[in-house]
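Tertiary structure, described
Each chain, letter by letter, is given below.
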Amino acid sequence: MKRLLFLGLITSLLALRTDEPVSKLNGAFRQTKNKYGTMTEWKSRDSVTVLKVFRDGYWFGVFYDEKYRGGKPFNGACGGTYALKDGKYHETVTFYSWDSTAVGKVYAFDYAISKQQYEQYGKMTSDKYKDYPVNEVCERITATEPLKNNSLEGVWFMKEGYWGGQSRFGEGQYKDVQVVKIFSYPMAVYAYYNPKTRQFDGAGGCRYQFDGKTLTETNEFWSWQADGKRKGNLEKFKTSVKNGQFVQQGWEGKLREVWAKAPAQN
């Protein structure tokens, strides 16, 4: 009996050691160096901005603001859910702008997290990226001021959307489209994608502040404007949070969005 109790205790301790709460990764990170594909040496990330945002079991990645000649203001985005199990970071892909065949795949990476940075090491595979090494080191993005009200922190899915004219969520070009928005202070990021066709529609991101009534967003990237001139724009939205939903209104009455809080992943 004592032997069985001892073995049970060891098993429990191992489980505690290897399975971590998803909140351990919560935060926003900017890539500082990488080693992709056939690269043999680490390369500093200075020609394009790469972010990775985590919140409560959901993740979002984006490449934007390419600084080399002919570079694009927006290169692409990806995202999905994640779990920390067996000592590894398990990433499920829900949208992936560069190759839709990656959607639905689950990749396991070695990882390390601290107050200053996030690291991941491993491989992905899809039709475009065969057994492709993905090794990244990212620094944590810090806020310049405290968050005034944290009731938006978390992951939200759009329930209703209206942007003026004939543009309505769930109709026309937005039929079957899913929209996710992640608030992980100081960043907020969002993406539009079609789970049925695996097609990516677009994404945006900003630094944000919320005081309980007004949501202030300073744009970092917005894929729907090809010239990138939206970057740096500051917008304020009337925002109310109640009963697991938030309503965002702006653009002189042209924009109204209703979002529902997503349950945290285990």
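Residues numbered from 1 in each chain as written. Predicted model: local features only at pLDDT ≥ 70, side-chain atom pairs only at ≥ 80, totals over all residues. Heavy atoms only, no water.

**A word on the confidence of the model for the chain**
- Averaged over all residues, the pLDDT of the chain equals 92, while 93% of them reach at least 70.
- Between residues 1–17, whose pLDDT stays under 50, and residues either more than four places distant or in other chains, the model counts zero contacts. (pLDDT = per-residue confidence, 0-100. Contact = heavy atoms within 4.5 Å.)

**Digging into the side chain of Gln 120**
- With respect to the helices and strands, the residue Gln 120 is situated in strand β8 (residues 117–124).
- A polar contact is formed between the side chain of Gln 120 and the side chain of Lys 52, at a distance of 2.9 Å. (Helix = DSSP H or I, 4+ residues; strand = E, 2+ residues; numbered from the N terminus. Polar contact = N/O pair within 3.5 Å; in protein donor to acceptor, adjacent residues only side chain to side chain.)

**So, the pairing of strand β3 (residues 49–55)**
- For β3, a buried count of seven out of seven residues is recorded, marking the element as mostly surrounded by other parts of the structure.
- Residues of β3 alternate between two faces, with Thr 49, Leu 51, Val 53 and Arg 55 on one and Val 50, Lys 52 and Phe 54 on the opposite face, all of them buried.
- Sheet analysis places strand β1 (residues 27–36) next to β3, joined by four bridges and oriented antiparallel. When the sheet's bridge partners are listed, Arg 30 is paired in β3 with Leu 51.
- With seven bridges connecting them, β3 and strand β4 (residues 58–64) associate as antiparallel partners. What sits directly across from Arg 55, in β4, is Tyr 58. (Buried < 20%, exposed > 50% of the residue type's maximum accessible area, 1.4 Å probe, protein only. Pairing = 2+ DSSP bridges.)

**Quick word on the packing of aromatic side chains**
- Under the counting rule described, the total for this entry stands at 33 aromatic pairs.
- Relative to Phe 109, the ring of Tyr 89 has its centre 6.2 Å away and its plane inclined at 35°; by these criteria the two rings are tilted. In this pair, Tyr 89 is assigned in strand β6 (residues 88–96) and Phe 109 in strand β7 (residues 106–113), connecting sequence segments 20 residues apart. Neither residue differs from the other here; Tyr 89 and Phe 109 are each classed as buried.
- Members of the aromatic cluster, joined through ring pairs, are Phe 60, Tyr 64, Phe 74, Phe 95, Tyr 193, Phe 200 and Phe 221.
- Here the guanidinium or amino end of Lys 33 rests over the ring plane of Trp 42, the centre of that ring lying 5.3 Å away.
- A cation sits over an aromatic face here: Lys 52 above Trp 59, 4.8 Å from the ring centre. (Phe/Tyr/Trp six-rings, centres within 6.5 Å; stacked < 30°, edge-to-face > 60°. Lys NZ or Arg CZ within 6 Å of the ring centre and 35° of its normal.)

**Focus: the side chain of Lys 181**
- Its location among the elements puts Lys 181 in strand β11 (residues 178–184).
- Side chain to side chain, Lys 181 and Glu 217 meet in a polar contact 2.8 Å long.
- A polar contact of 3.3 Å, which involves the side chain of Lys 181, links it to the side chain of Gln 248.
- In contact with Lys 181, not counting residues within four places along its chain, are Gly 154, Val 155, Trp 156, Ala 188, Val 189, Tyr 190, Leu 215, Glu 217, Gln 248 and Trp 259.

**Some details on the sheet that holds strand β13 (residues 199–210)**
- Spatial ordering of the closed barrel is given by β10-β11-β12-β13-β14-β15-β16-β17, a layout of eight strands whose pairing is antiparallel. Between one strand axis and the next, the sheet turns by 30° as a mean value, whatever way the strands run.
- Judged from the seven bridges that link them, β13 and strand β14 (residues 214–222) form a sheet pairing that is antiparallel. The residue of β14 that forms the bridge with Gln 209 is Thr 216. (Axes fitted to C-alpha atoms, helices over the stretch in contact; angles between N-to-C directions.)

**What to know about the pattern of salt bridges**
- By the definition in use, this model includes 13 salt bridges.
- With a closest N to O distance of 2.5 Å, Lys 88 and Asp 110 form a salt bridge. Here the residue Lys 88 occupies a position in strand β6, and Asp 110 occupies one in strand β7, the gap between them amounting to 22 residues.
- The class for Asp 110 is partly exposed, based on a relative accessible area of 38%.
- The partner of Asp 131 in a salt bridge is Lys 123, with the nearest N and O atoms 3.5 Å apart.
- For Asp 131, a relative accessible area of 49% translates into the label partly exposed. (Salt bridge = Lys/Arg side-chain N within 4 Å of Asp/Glu carboxyl O.)

**Focus on the nonpolar core**
- The biggest cluster of nonpolar side chains holds 25 residues, and the ones touching the most others in it are Leu 25, Phe 54, Tyr 82, Tyr 89 and Tyr 96.
- Counting residues per element, the ones that place at least two in this core are β1, β3, β4, β5 (74–85), β6, β7, β8 and β9 (132–140). (Core = buried A, V, L, I, M, F, W, Y, C linked by side-chain atoms within 4.5 Å.)

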